[in-house]
Each structure stands twice: as structure tokens, then as C-alpha cells.
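# Structural overview
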Amino acid sequence: MRIAILKRDKCQPKKCEQECVKYCPMVRTGAETIVLSGSAGGDGSGDGKPKISEELCEGCGICVKKCPFDAISIIGLPEELKGEETHRYGENGFVLYGMPIPKPGKVVGLVGENGTGKSTAIKILSGLQVPNLGSVEKVVEDEVVDAEAKGGWNAIIKKYAGSELQNYFNALQKDKIKVAYKPQNIDAIPKFFDGKVRELLESTDESGTGAGAGAGAGAGTGAGAVERLVKNFGLEEAVEREVKDLSGGELQRVAVVACLVRDADFYFFDEITPYLDIYQRVSVAKQIKESLCGDRDGDGNGEKSVVVVEHDLAVLDMLADYVHLLYGSPGEYGVVTMPKSTNRGINEYLSGFLQAENVRIRDKPIEFTAHPPREKQEARSVFIEYEGFEKSYGGVGGEGEGSEGVEGKGFVLAAKAGSVEKGEVLGVVGRNAIGKSTFLKVLAGETEPTAGAGGSGKVLLDIKISYKPQYVRGASEMSVKDFIYSLKLTDADAVEVLAPLGIRKLEEKQMKDLSGGELQSVAVAACLCQPADLYILDEPSAHLDVEQKVRLIKTVRRFAERRGVSMLVVDHDIYLIDLLSDRLMVFDGVPGVWGESKGCFGMQEGMNLFLQDLGVTFRRDLSTLRPRINKIGSAKDREQKAEGKYYYL
Ligand code: SF4
Ligand code: SF4
């Protein structure tokens, strides 16, 4: 079975000589295998782009090689996928095969690379998009459920006859079930809602706030659901502010609360961790589970069904009962596997081989070790030492939660003197808004300390630093290629940084058109491609999908080892920190008020200190050694806390 994909954003018929048509051997025999739209036999859309007939195509691949803009893919797929199409985005567009299955009273997770159909699947399940079963003529893209589309639903219900999805789609189409949906792109919320956070939450609250009488997240609590969740999510101060003034982390939590207080049967969350620190991630996951999946009536079953897309595997491991993995080729096709237990699904994903499907998704497995690999090596020499310093913001608003300084309150960071060792990756951990980014900015020379550092205004002298800030912006009209090549690359940079981070594939794109994950990868590449003695990466995994994170970890680790350079990396993904770091710098404090660096520690000691503050324990998976969050209050959790072993045993 073969599919032909035309990447419409890349195809430029006015700038090429239509090589795809010219060189196709089938066209030469007179078959209409590739026809330009607007010409005889085309679709008449008039944009001049080709339409490729999958029935007539012989799969020789000549058009793929001849197209100067890399706009065509001809992909051979297993015959078993024939008839499994759920949705296709137009002629020669992306195809999604299979469908996740929501489970009553359970949390189902979706894991996979961006562009393989996770958001499409979740939109179909929430009724925001009518699937066309791969037949692009049947239903218009992005069609919203209405009377006209019911014909489409009948075909869908028939297709899933005899499966759990038949009942689900039947009930959805007849409005017998209610759904609540949290979108992925929370940055768009202020564009659609102009007002205070409290007004936003009251507009979505269907729980019987105050009386505890509704059926939503507040039911049976005796307290208003909004008030309870606002408190549990640490949003008391944010709730009276304008939605447009919220930081990313606050907006993410508000969006989750707005979804939780709906009175629905099925809840869909398209990512919950972006912008959140580890403490907030664990807390949000816990609240979702408690609010929606608790067995309130004591019949042994949870109340609601939840489907969640998530790229933080430690959080997904804690939250989900089952997972569906999605594999394929981003932007071309995606396949949803059958449900797997969460532990098995994540282990298979990390191993790179899906057993039941007999599919390899990655050349090499991602392997964890009980102790970080370089801890075993001989002691490293000290590379730089810095003096202690203070940095205070006198009541001036900062950049939001990721930075420090809340308007009218002020913020003080106290950093102890410390050192960075030669060739080490020093992980930096702590809650949001307690000074980590400020610390890095002072080290990078981006801002001056208020006191200390010998009064020189600079903490590190005479060393070259390359710094990637927390927030990266890509508003430029420049192409990725022009941007990257303006950095004076070496051959080693191209091989050790650009290729493994997947930048080559993005070169023709404009910087302003990059997705959040793509922009982050370009920013990390730009930082690593600067010659420097010390590299500082502030939240390099923000907005990355799981595969991009895997590429990032391998690239940064190899870069530090091969070049013998030192690195400081702030991040909130516990797998990334575990796999990357040699030592940990731990921050403590009260968000937005004060922060201090407690110093640098070995991995176990540092993680213990950090997790003790959060009240969260981790164990190691016996077969893969990956860290797993213990259920709070479980026997394992209690046992580890009693022994003071918050991180792996
Ligand atoms: S697919 Fe390639 S060769 Fe064909 S029209 Fe588009 S840009 Fe030109
Ligand atoms: S792969 Fe198909 S469409 Fe492309 S040149 Fe060969 S036969 Fe023609």
C-alpha cells in the first residue's frame, strides 16, 4: 500500500519547472499520475500545485528526487493499514490511521512525535472535527458537528461497529454525552477572552459553585469547585488579574481549571505541562486524577473519562492508566497503536521498538543508568569559581513567572559562591520564580548583580559564555538557513549540532513560521554553534515533543563530552535532568519573593534535597531503570520518605 504526500507549504510551482510531472514515467506513458491543479484533469483549484494519483503511481520515487523543493513523499505502508484511515487532510495530505479509545473512569495518555496526529485524534473525539475516514470528498476539513455533517457520522458509526468507539461516537453524535476540551495553544486564550481570570472561570463553571451541588469537579466537596481548584493550583493571587497579564505557567493552570469545572463525561487535555515546573506538573496531574477519576459513589469505578496528550513521560506515567503510542512521519502520516498499560507503553517507546506492531520507531533505545554515567569517572578539575552575589528587583514587574519580581513586592536572590567543573553538565532545579533564570542571567552577564561579585558588576570574568534564554522569539522574516549560517559554523557544528537536532529539515522555513518546538531546537543549535567555554541553556526542553527531547539529550551530552566544555542546564523535565546532568545545583525559596542557591551536589543528594522540598518521591523502574513518580501516600512513597530517600533506590 502506498500514499503520496504533497507538502503544500514547500511546493512552489512558479519557481520550478514542474519536474514532478515532467519526469514521471507514468505520465510519459499517458497516464494522469501527476496532474497540475487548474489544468485538464486537475482539481481546478487553480494554485498550479500537483495532484498525485495513489492508484496510478508506481512508486519509482523519481518525482521525490527531482522536486527541487523536497515537496513530495511517496511512502510505502503495510497492507494492514488499508481501510484503517480515520482522517485525511485533503488530497495528498496528512493521513491518520486508527483512533485512541477513551475508557470509562480511566485516564488514557497519547504519546508521540508532534505532527503524527495526536491533536487531530483528540479533536475528533471531542467532536470538534468530523473524521472523513480518509475520503477527502466526503467531509470538508475542520467541519464542526451540525445537522449536515450527520451523514458523515453515520459512516463513522458504521465503520466502528462492534467496537467501544461505536458506542462513543453514537452517543457523541446524539448529544448524549458531554465533553470538555483544553486546547494545546493556550497562548491564544487572551485573544478570545478579554477580562479577569475569575470571570473566565465563572463562565466555564458548571459545577454548582458554592453549593457543591453539581456533577463536575466540585461535586460533593461542599466547597465551590473554582475556589477549591484555584487554591490547589496556587492561583489565589492570579485570579483577580486580567487574563492577558498572566504568565505562561499561570495561563496553563487556569486553562486546566477552566476545563475541570465543566460538567462533562469526557475530558480532553491537549498537553498540561508546558511552562510548569516539576512541582506544578505533579500537582496538576494529581488534581486531574482526584477531581475526575475518584470513585465518589463507591461502586469501584471512577467517575469520568480523561484523554491527555503529554510529552513529559514522568508525569504521564504518574497520571495515565493506559497509553496509545503514535508513530509515523510528522506531517505525512500517523498511526495510533492499540492501548497498552502505561508502564509497558512508555518502556516500549523508550526502547524504540513497538512489539505488538513489530515497528521500529528509533535506531537506538534511550537508556537510563542507576547512577549518572559520569559520576563514576575520576574527579573533574574545577573550571571556574564565582563569588557569592545578590540580585534584587525593587518592586518592578518581571517577565512573568519564569523570572522574578512581582509588581509592588520585590524579589531577592541570594547566590552562594560556587564553582563549575571542567566538562560537566550541571543541572539546575527548583520551582518557578525563585531565581534560577536570574542566576543564569547574572552569570551570562545579561544583568548585573545588586551586591557582591567584588563590585565589578560581573560574576564571571575572562571566559566566553554562550547563553540560550528561557524565552525564545522567532518573529524574524529571515529563513532558518540564513539565520544559522550567519553564525560562522564549523564543519563539526554541522555534524554534531545541526544534523542531530534536525535543523537541516527546517532550513527552508522562515523563522516566524516555526512551531514552538522547532524554534526551541533552532535556539539551542544557535547557542551550541557559538564558540564558548561555558554554555548556559535555560529550559531547552520547553515546547519540545518526546522525540525532540531525545535528540536534545543525545546532542547536548555528546557535545559536552566531545568538546570537554562545561554546561549549565535549567529544566523541569525530570527524565532530561536525570539523563543529562553530572551534578545538580538546587534552588530554594518562595516564588516571587525570595530565592537562594543551596549549592552544587551529587545527583542523589541534589535530587533528594529538591524532591524533599516538593514532597514527591521517585523510584526506578526495575527493568529500564527509568525514574518513576511514586503515588503520593502509597506504601513506597511513605517508605522512601521515612528513609529520606526521595530519589531512586
Ligand atoms: S512538487 Fe516540486 S516539482 Fe512539482 S510543482 Fe511542486 S515544487 Fe514543482
Ligand atoms: S513515484 Fe509515482 S508519481 Fe512519482 S514519478 Fe514515480 S510513478 Fe510518478
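Residues numbered from 1 in each chain as written. Chains lettered and ligands numbered in written order. Predicted model: local features only at pLDDT ≥ 70, side-chain atom pairs only at ≥ 80, totals over all residues. Heavy atoms only, no water.

## Observations concerning the nonpolar core
Within the largest apolar cluster, 122 residues are counted, with the highest numbers of intra-cluster contacts made by Phe269 and Ile288. Tallying contributions element by element places helix 10 (residues 248-260) first for this core, with 8 residues. Sequence-distant contacts of Phe269, defined by excluding residues within four places in its chain, comprise Ile122, Lys182, Val256, Cys259, Leu260, Ile288, Leu292, Val306, Val307, Val308 and Val309. (Core = buried A, V, L, I, M, F, W, Y, C linked by side-chain atoms within 4.5 Å. Buried < 20%, exposed > 50% of the residue type's maximum accessible area, 1.4 Å probe, protein only. Helix = DSSP H or I, 4+ residues; strand = E, 2+ residues; numbered from the N terminus. Contact = heavy atoms within 4.5 Å.)

## Notes on the pattern of salt bridges
Two side chains carrying opposite charge are able to pair once their charged atoms lie near each other. A full pass over the atoms with the stated rule returns 38 salt bridges. Note that Lys289 and Asp321 form a salt bridge whose closest N and O atoms lie 3.3 Å from each other. Highlighted residues: Lys289 in helix 11 (residues 278-293) and Asp321 in the loop between helix 12 (313-319) and strand 11 (322-329), separated in sequence by 32 residues. Residue classification places Lys289 among the partly exposed positions, given a relative accessible area of 26%. With relative accessibility at 27%, the residue Asp321 sits in the partly exposed group. (Salt bridge = Lys/Arg side-chain N within 4 Å of Asp/Glu carboxyl O.)

## A word on the environment of Thr337
Inspection of the secondary structure puts Thr337 in the loop between strand 12 (333-336) and strand 13 (340-341). Judged by relative accessible area, which is 3%, Thr337 ranks as buried. Apart from residues lying up to four places away in sequence, Thr337 is in contact with His324, Leu325, Tyr327, Leu354 and Glu357.

## Some details on the sheet that holds strand 20 (residues 425-429)
An order of 21-17-18-26-25-20-24-23-22 is seen for the 9 strands of this open sheet, with the pairing classed as mixed. Strand pairing shows two members of the sheet lacking a second neighbour, strand 21 (451-452) and strand 22 (465-468), which therefore form its edges. For strand 22 and strand 23 (residues 534-538), the ladder comprises 4 bridges, and the chain directions are parallel. Bridging across to strand 23, Ile465 finds its partner in Leu534. Sheet strands touched by helix 14 (residues 436-443): strand 17 (389-393), strand 18 (411-415), strand 20, strand 22, strand 23, strand 24 (566-570) and strand 25 (583-590). Its angle to strand 17, the strand with the most contacts, is close to 120°. Together, strand 20, strand 23 and strand 24 form the strand contacts of helix 18 (residues 546-563), whose direction differs from that of strand 24 by roughly 155°. (Pairing = 2+ DSSP bridges. Axes fitted to C-alpha atoms, helices over the stretch in contact; angles between N-to-C directions.)

## Quick notes on the environment of Asp582
By secondary structure assignment, the location of Asp582 is in the loop between helix 19 (574-580) and strand 25. Note on Asp582: relative accessible area 2%, which makes it buried. Each C-alpha atom of the pair Asp582 and Leu426 lies 6.0 Å from the other, and the pair is 156 residues apart in sequence. A distance of 2.7 Å separates a polar atom in the side chain of Asp582 from the backbone nitrogen of Val425. Among the polar contacts listed, one links the side chain of Asp582 to the side chain of Arg557, at a separation of 3.3 Å. (Polar contact = N/O pair within 3.5 Å; in protein donor to acceptor, adjacent residues only side chain to side chain.)

## Focus: the side chain of Arg431
Mapping Arg431 onto the fold places it in the loop between strand 20 and helix 14. Apart from the residues lying within four places of it in its own chain, the contact partners of Arg431 are Asp277, Tyr279, Lys436, Pro591, Phe610, Asp613 and Leu614.

## A short note on the pairing of strand 7 (residues 107-112)
A large share of strand 7 lies buried, amounting to 6 of its 6 residues. The two faces of strand 7 match: Val107, Gly109 and Val111 on one face and Val108, Leu110 and Gly112 on the other face are all buried. Judged from the 4 bridges that link them, strand 7 and strand 10 (residues 305-309) form a sheet pairing that is parallel. Among the inter-strand pairings, Gly109 is bridged to a residue of strand 10, identified as Val308. Here 5 bridges tie strand 7 to strand 11, and the two strands are oriented parallel to one another. Its bridge partner being in strand 11, Val111 is matched across the sheet by Leu325.

## Examining the site of ligand 2
Close to ligand 2 lie 13 residues, the nearest being Cys24, Cys57, Cys60, Gly61 and Cys63. Residues of the shell around ligand 2, tallied by class, amount to 9 nonpolar, 3 polar and 1 charged. (Near = heavy atom within 4 Å. Nonpolar A, V, L, I, M, F, W, Y, C, P; charged D, E, K, R; others polar.)

## With respect to the packing of aromatic side chains
Counted by the stated rule, this structure contains 9 aromatic pairs. Ring geometry for Tyr168 and Phe266: centres 4.8 Å apart, planes at 80°, overall edge-to-face. A residue pair is termed long-range when its members are at least 10 positions apart, and Tyr168 in helix 6 (residues 164-173) and Phe266 in strand 9 (residues 266-270) qualify at 98 residues. Note on Phe266: relative accessible area 13%, which makes it buried. Put simply, the rings of Tyr160, Tyr168, Phe169 and Phe266 pair up and form one aromatic cluster. Note that Lys159 overlies the ring of Tyr160, its terminal NZ or CZ placed 5.6 Å from the centroid. Taking NZ or CZ as reference, Arg431 lies 4.0 Å from the ring centre of Tyr279, over its face. (Phe/Tyr/Trp six-rings, centres within 6.5 Å; stacked < 30°, edge-to-face > 60°. Lys NZ or Arg CZ within 6 Å of the ring centre and 35° of its normal.)

## Describing the site of ligand 1
Around ligand 1, the structure places Leu6, Cys11, Gln12, Cys16, Glu19, Cys20, Pro50, Cys67, Pro68, Phe69 and Ile72. Of the residues in the shell around ligand 1, the class split is 9 nonpolar, 1 polar and 1 charged.

## Focus on the packing of helix 16 (residues 491-498) against helix 18
Between helix 16 and helix 18, the least distance of the axes is 10 Å, while the angle of their chain directions is 145°. Contacts between helix 16 and helix 18 involve Ala492, Asp493, Glu496 and Val497 from the first element and Thr555, Phe559, Arg562 and Arg563 from the second. Looking at the contact of helix 16 with helix 18 residue by residue, the classes come out as 3 nonpolar, 1 polar and 4 charged.

## Overview of the confidence of the model for the protein chain
Confidence in the prediction for the protein chain averages 85 pLDDT; 87% of positions are at 70 or higher. For the protein chain, strand 21 is the element with the lowest average pLDDT, namely 74, and helix 3 (residues 62-66) is the one with the highest, namely 97. Per-residue pLDDT stays below 50 along residues 211-215; that stretch engages in 14 contacts with residues further than four places along the chain or on separate chains. Across residues 396-408, confidence stays below pLDDT 50; counting only partners more than four residues off in sequence or on other chains, it has 35 contacts. (pLDDT = per-residue confidence, 0-100.)

## Here we look at the pairing of strand 11
When strand 11 meets strand 13, the two strands line up antiparallel, connected through 2 bridges. Bridged to Tyr322 within strand 13 is Ser341. Hairpin geometry of strand 11 and strand 12 is characterised by an intervening segment of 3 residues between the two adjacent antiparallel strands and by a positive phi of about 80° at Gly331.

## A look at helix 9 (residues 225-232)
Looking only at helix 9, the buried set comprises Ala225, Val226, Leu229 and Val230. Around the axis of helix 9, the buried residues are gathered within 125° of arc, so they sit on the same side. Those residues of helix 9 that are buried lie in contact with helix 8 (197-204), helix 10 and helix 11. (Arc of directions from axis to C-beta.)

## What to know about unusual backbone geometry
If you check the backbone angles, Tyr275 has positive phi at about 75° while not being a glycine. Among the secondary structure elements, Tyr275 is positioned in the loop between strand 9 and helix 11.

## Details of a nonpolar patch on the surface
Taken together, the side chains of Val412, Val590, Val593 and Trp594 make up a nonpolar region of the molecular surface, amounting to roughly 300 Å² of accessible area. Along the chain, Val412 turns up in strand 18. Val412 sits in the partly exposed class, given a relative accessible area of 36%. (Patch = residues over 30% accessible without salt bridge, like charges linked within 9 Å, V, L, I, M, F, W, Y side chains within 5 Å. Areas by Shrake-Rupley, 256 points an atom, 1.4 Å probe, with all protein chains shown as cover.)

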